[in-house]
Each structure stands twice: as C-alpha cells, then as structure tokens.
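Overview (structure and organization)
Residue strings, one per chain:
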Amino acid sequence: MSSPPFPAGPVVAAALDGDPDAVEALLAGSLHLVYNVVGRAAESDLDVDDIVQETMLRVVRGLSDVRSPDSYRSWLVGIAMRQLADARRSAGIARGARAELPGDAPASDGDLAALLELRASLTQEQRQLTQAVRWLDEPYRDLLAHWWLEVEGQLTRKEVAASFGISQAHLAVRIQRMKRQLDTARSVVRALSRTRQCAGLEAIPGTDRPSPLGRKRIARHLAGCTACVPPRRRLVAPERLLLGIPVLVPPPQLESHARMLTQADPTAWGHHALDRLAEPGSGLPQGDAPAPHNDAGIGHGGTLGRAARGGTAPAKSAAAVGAAVLTAGLLIGVTQLDDGPGRKETPSTGTAPRAGTPAPSLSPSPSPSPSATHRRSSASGPAAVPSPRPSADDTVPRFSGSVPRLPGATIGDPRPLVQHDSVDGRDNGQSARYGDRSVWLFDDTTLRDPFGFVSNSGAATTDLDASDGISLRSATPFSTVPGRPTELIPRTGAETAFERAHDRATGCTSEEDPYCGATFAFWPGPVVADEARDRLLVFYGKLCRGGDEGTPCSGTLGKGLGTGIASLNMRSGEVTRLTAEHGPSVGSVEGTDPTMFFPDGQGYSSAVTVVGGHAYVYGDCDYACRVARVPLTSLTDRAAWRFRTEAGWSADPEAGVRVVAAGSAGQTVFWNEALGTFVNVFMPYGTSDVKFQVGGSPYGPWSEERTAGTVPTQGADPAYALFAHPEYARDGGMTQYLSYYDPKDGDQSTLRLRFSK
C-alpha cells in the first residue's frame, strides 16, 4: 500500500490563506506524512499516536505563520521531530525509573520492526533491516525516517535538508554516514540471528537489548572473529529494501481527530480554537494541554550555512551535524550525584556567575608541551591584561540532585554588535571575562578595504555595560586598541608543509592530487578564563577546505578533522595549541595531529563551564550533548578526562550519556546566582528560537526546554550561534545579554534576556 499523494502546491497555498476545504485536505495529507516519519523513528516505548496527535495540534496552531507553501512540508516534519524529542525526554525519565525493576524491559510492539511486521510479510533482508534500525544511534534513526520518505518520493532532498537545517551537500554526507552505520547494524542483526554463535559473541554484554553501545561492541568483535563472519554475502542496497516495505497507515481515530481540527473557524486558527477543541466532549484526549508555543519557523527551507555576502563565510561543521530533534536526555541516573547534593564548589570560570565576580586563584601546574605557538607582535597593542582582583562577594555554585524550578523569561532590545570598520562579517562569537574586560573569539572573519579573510579572530573591551549595546573594535583579544583583526590560532609545521605541497601555485590538479588547493581552518568555540595561569582557554575545531568538488576537503564546510584546545597567554600575547597527552592518536590529512584531543564527530567544543577547578566540557552532540569533566591542572592529560554516564563517571567516552540540549553551533552553560541554578542557553537547529534550561549541576538533572522568544532575522534562513555572555549580567543575573548570527547579511546582534521567578 502506498501513501496518498501529498496535497499539491495550490492546495497548500489555499490552506495557508484559510480556505476550510483546503485546510481539511492539507491536514489529511499531513497526517500520513507525520505518522510515517514518527512511526519509523520512534523507539519501542513511545506512543506514536500521541506524538502524531500532539504534532497535528501544533500544526493547526502555527499554520497561519508558515511563510510560504514551499516551506510547509519541512516545517511540518520539523514540528513532528520536536514532538518526538519531547516524548523521548519524558520516556528517558520513565526508563530510568523502570531500570530499578528487575526484568522490566521495554515492550517492542510499538517500534519500527513490530509496526511493519504486523502489516506485511517481509523478506528476510527487509526484516533484518527493520530490526537493525533499533541498533542505530538516535540521530540516525531520525535521519533514516526522513530519507525513507525521500526514497518513496514523499519528501524531496531539499525538504529533508531544510527540516534538519543543513545544506543538501552536508545532508548527503550525513546520509552516507547513516547508511554505513545501518550496514554495520544489519551485520550485527545477521550475526545475532544465527542459531550457533561463538563464545566470544555470547559473552559480550548488551546483546539482548539493542543499543548503540552494544552495536559498537558487537561490531568490534565481528571485525576480528572468523567464526562469526562466514564468506560474505553482499548486502542488498537499503534503497531497494525500503521501497518494498509498506507505508504505515494512521489508525481511524487519528484521522477523525485530524478532521475535527478543521471544524474550527479557519480565520481564527490559534490558541482559542484549540482550547475549544480540547474541551471535554470534543473527542480529543484530555490532560495537560500543550503550552502556547509558536512552532512556525522550524525548518523554513534554510540552512545553517551562511549566505554569501562579499565572501561571508560558511557555518561551522559542528553546527552542520544538524537535526531538527532536540533530545535533552534527562536520565534518572543523573540524580545520583557523586559530588553529593548541596556540595559547594568555588567557581573559576570565564562565564562568571555574576558580573564583576572573578574566579579564585588555582595552584600553578607545569606548562603543557606546545606544538604550535604564535606570539602577537607589539603592533597589536599592549599584551598584558590586569588579573582579576579578589572580591568579597564571590558566588558559590550549589549542586542539587533535583530538577530546579524553571523560571519565566523574555527577550528584547535587539542591537547590532558594533565592530571595527574593517570587519565585513564574523561568525560565532563567544566570550569570557578576564580581569577588567570581556574577551571575544570569532570564527570565519571577512574583512574589507582591502578584502581579507581569516578563519578566526578576536577582540576585547573594558565596557561591561551592554544596556546601550556592545562595541568590539580592537584588533586582538589581548588589547582594546582599535585595529584590523588578524588570525590568532597558529599552524603546526606539518600543516604549513601540507598547505605548501598542495598549493594551486604548484600546478596541481584534483585528478592527480585530491588535496589540491586544500587549506586548514581553526574555528574557536567556548572560551573560559584560567587566571591562575594568566591564560584564556579556547576550545576549537579544526577542518580542511578549499578542495575541488568531490575531493576530501571540498564544500563550503570542508572536512572536520577534530577538536583541540588553544591557550591565550594574556600577559605575553602568545597563542599556543596544547598537546594532548596519554590519549588515542587522532589522524588528520597531514598525518597524526598531537594537538587534537578528539576526532571529528566526537569532539568536545560545544560549551565549557568551570567549577571548583574542574572544567565541564560539552560535546559529542547530535541534538543533545554529552559532558566530560577534567581538572584544569590535568587538562592536557586525556587519561584524566571522565565522561558522565547513567551511573556516574567513566574513562570511556562511548559510555557517556547525552544530558543537555544542543544548540546550532554550540551553547552557553553557566551558573546563575540569582536563580540558584545552572543555565543552558541555546538556539535549536533550524529555528530562530531563544531557548534555555536550568540544571541542578553542570551534568544535570536538567529541566525541560523553555522558549523565551524568537529573534528577528533579515531573510528566510534561521539565525544560529546564539550565546550568552554572563560577564555583562545585571540584577544579580536576572538580566543576561546574548549574541546571535544572522546568515542573511553576515551581521551579529545582541539581545537582552530577562528572567522572572
């Protein structure tokens, strides 16, 4: 059975104009699409019908705000995936509670395989394919559900990319990675389905319940076990198998609920109409009605890449590992805080809990071995920056094992971020307080008069009153003297040699040299102060780009190579890329790179906060992030890093759980003394929404997400790179100032965020 055709463009346009017949036809067609994308991505213990019904309610609420008929389907799928994420978050708490009961495993009759097997007699490979989906990482389950609809012709590649908020080129890369993981999962299912298994396979924990960690363990075993891997039989391409699997059919009660939504006055789509439909006797389920929320704007056909404006640069690859799903991963295990509820730790962070609050001094440690160092010239202005003076009102973060009360919040007072006249556009923009100033680091920076381009730059200001705007005119982060920005993060000798060998001036061609024209870029992420060592720490991503189409370093986003940490000595003006010690080697196009702490796809550079001499580093994100903890005194020792698990902390990164929502290009996590909680401020992929969570500790438990508002943008593409700058806080932290990037014109703006208890 095939899905009914999705309503044509004129029907969508008429529905958006309020035509009741068109609205009814649009909702009917939308229901089938939503049911299939949710049903194919949802886990076994999620109620697909409830998720779909909630999605349709939100669709009606936001229908009048859809910007164009062409963006409707990607907007629709974005809402569906957000509702799926909310359901996953609620289910995560229930799963943690069930984990205390022996033998209580999730039911399986609601997941993808069971749904499909109830509706069709599948071939052996089709059955194995549907079972393999259970072993995929959560983001790839969602991507597979979208791609499946593309294979069936229900979504276009452009619409899939828009719903994830990434470019079509980057989507193609994500699909290839998903297919590779799917093939691995199919091999796992095939091995486990054999009646006779080797003793090594049977001894692997986690084979009885599908999980990404179990897949990795089994795949490692299969790679080296001749008993488990008989002569290979080529796997049938998943596209061929997917086309033979029937679509999911919404149950009649869902279709009747969708029809009921059209009984409301089509000129009054909104909260009042929904309130009437949700009254007893309406036929809709009673209980907690969804809070007013404007979902319009999710996935409006835009990408996270920057619009070209005189060379305005592309969005960072970390932001392009995009998706429309926001999973917070609130697990009960997080409440078992090994630090102890109520434990007090003294902060030492660039994201100060209160404006004017410096961090206490830390004991010095030996300097890490540098692999690349750049000393700023005297032309950049004075390098020495005053260290913070002791303060009598230092705040003390308090750890809690319970989810804090979620405050209200509003946004307002948008203003352009004022920069030097030579700056044409800058991306990202994260900051930390050091001494008497705020220090900012940026990604790709386009210059003018004359034209120039650098992959990173910085600035500083001593004006910490953001109520009248923020001005950043200095040339470097070491000085407040105005000037033309220069690149900060240096190359290693191996990187310099690589660029020279593959320079187009050598006459190379991509046919003979796949790296012809490739260059390196270094994108700064979060910044924290380590005043005891006179330095700022910058967590950055490394990539190569500039190659011809189809080569490893091609495309506007290029190829991610890993994440590292740079040290900015605030007295000498030196920038040093720290060397990772006692950790796994990380490969790069020029060879092994000792400055990379983590490989691409597993990087830790989304956010950082420092409490009690420990850096809590967020990364390995899809729609939520894992968190690692490491003492600042052992920052370069990879063996000292620990990763948050359901039970505590582990040295194994793969054992980590995702605990906090992720933002497009990263987020800001900081202690807020006025609220008495940790705060995560972020902007989800594919939206322009300002969101936040509150947490009992840097690793949770974290609350649900709340929307403070939607930022204004100049074009159809959503904004991204939203960050908080707590050094500008007022009213004890109740008023915060944020910055964000508008891809339409390449400009950055600031925003006031005001909390209310």
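Structure first, text after, so check above.
Report follows, based on the coordinates. Computed from a predicted structure; not experimentally measured. (Residues numbered from 1 in each chain as written. Predicted model: local features only at pLDDT ≥ 70, side-chain atom pairs only at ≥ 80, totals over all residues. Heavy atoms only, no water.)

A look at the environment of Arg-88
Position of Arg-88 among the secondary structure elements: in helix H4 (residues 72-98). On the basis of relative accessibility, which here comes to 4%, the residue Arg-88 falls in the buried class. C-alpha of Arg-88 to C-alpha of Glu-43: the two residues are 45 residues apart in sequence and 8.2 Å apart in space. (Helix = DSSP H or I, 4+ residues; strand = E, 2+ residues; numbered from the N terminus. Buried < 20%, exposed > 50% of the residue type's maximum accessible area, 1.4 Å probe, protein only.)

Considering the sheet that holds strand S2 (residues 408-416)
Across the sheet, four strands lie side by side as S2-S29-S28-S27; this open sheet has antiparallel pairing. Each edge of the open sheet carries a strand with a single partner, namely S2 and strand S27 (720-724). Taking each pair of neighbouring strands and ignoring which way they run, the sheet shows an average axis angle of 25°. Direction of pairing for S27 relative to strand S28 (residues 735-742): antiparallel, over a ladder of three bridges. When the bridges of S28 are listed, Tyr-720 appears paired with Tyr-741. (Pairing = 2+ DSSP bridges. Axes fitted to C-alpha atoms, helices over the stretch in contact; angles between N-to-C directions.)

Structural notes on the nonpolar core
By size, the foremost hydrophobic cluster in this structure holds 65 residues, and its most contacted members are Val-37, Val-38, Val-52, Tyr-72 and Trp-75. Top contributing element to this core by residue count: helix H2 (residues 20-41), with eleven residues. Counting 27 residues, the second largest nonpolar core, distinct from the first, contains Val-439, Ala-460, Ile-489 and Leu-536. (Core = buried A, V, L, I, M, F, W, Y, C linked by side-chain atoms within 4.5 Å.)

Topic: the sheet that holds strand S6 (residues 437-442)
Taken in spatial order, the three strands make up an open sheet running S5-S6-S9, and their pairing is antiparallel. Of all strands in the sheet, those with a lone pairing partner are strand S5 (430-434) and strand S9 (457-461), marking the two edges. For this sheet the average axis-to-axis angle between neighbouring strands, irrespective of direction, equals 20°. Pairing geometry for S5 and S6, over five bridges, is antiparallel. Each residue of the ladder has a partner; that of Ala-432, found in S6, is Val-439.

Structural notes on unusual backbone geometry
A cis amide bond links Asp-449 with the next residue in sequence, Pro-450, at an omega value of 5°. Looking at where Pro-450 falls in the secondary structure, it is placed in the loop between strand S7 (445-447) and strand S8 (452-454). Cis peptide bonds are those with omega within 30 degrees of zero, and the linkage from Gly-700 to Pro-701 qualifies with 5°. Looking at the element boundaries, Pro-701 is found in the loop between strand S25 (689-695) and strand S26 (706-710). Positive phi values are uncommon outside glycine, yet Asp-449 reaches one of about 50°. Tracing the chain through its elements places Asp-449 in the loop between S7 and S8.

Examining the packing of aromatic side chains
Tallied over the entire structure, the rule returns 19 aromatic pairs. Aromatic pair Phe-498 and Phe-520: ring centres 5.4 Å apart, planes at 50°, arrangement tilted. In this pair, Phe-498 sits in helix H16 (residues 493-501) while Phe-520 sits in strand S11 (residues 519-530), placing the two residues 22 residues apart along the sequence. Here Phe-498 matches Phe-520 in class, with each residue buried. Ring plane angle 50° and centroid distance 6.3 Å describe the contact between Phe-597 and Trp-641, whose orientation is recorded as tilted. Placement of Phe-597 in the loop between strand S16 (591-592) and strand S17 (607-611) and of Trp-641 in the loop between strand S19 (624-631) and strand S20 (642-644) is noted, with a sequence separation of 44 residues between them. The exposure classification of Phe-597 matches that of Trp-641, with both residues buried. Among the aromatic residues, those joined into a cluster by ring pairs are Phe-399, Tyr-616, Trp-649, Trp-671, Phe-678 and Tyr-699. (Phe/Tyr/Trp six-rings, centres within 6.5 Å; stacked < 30°, edge-to-face > 60°.)

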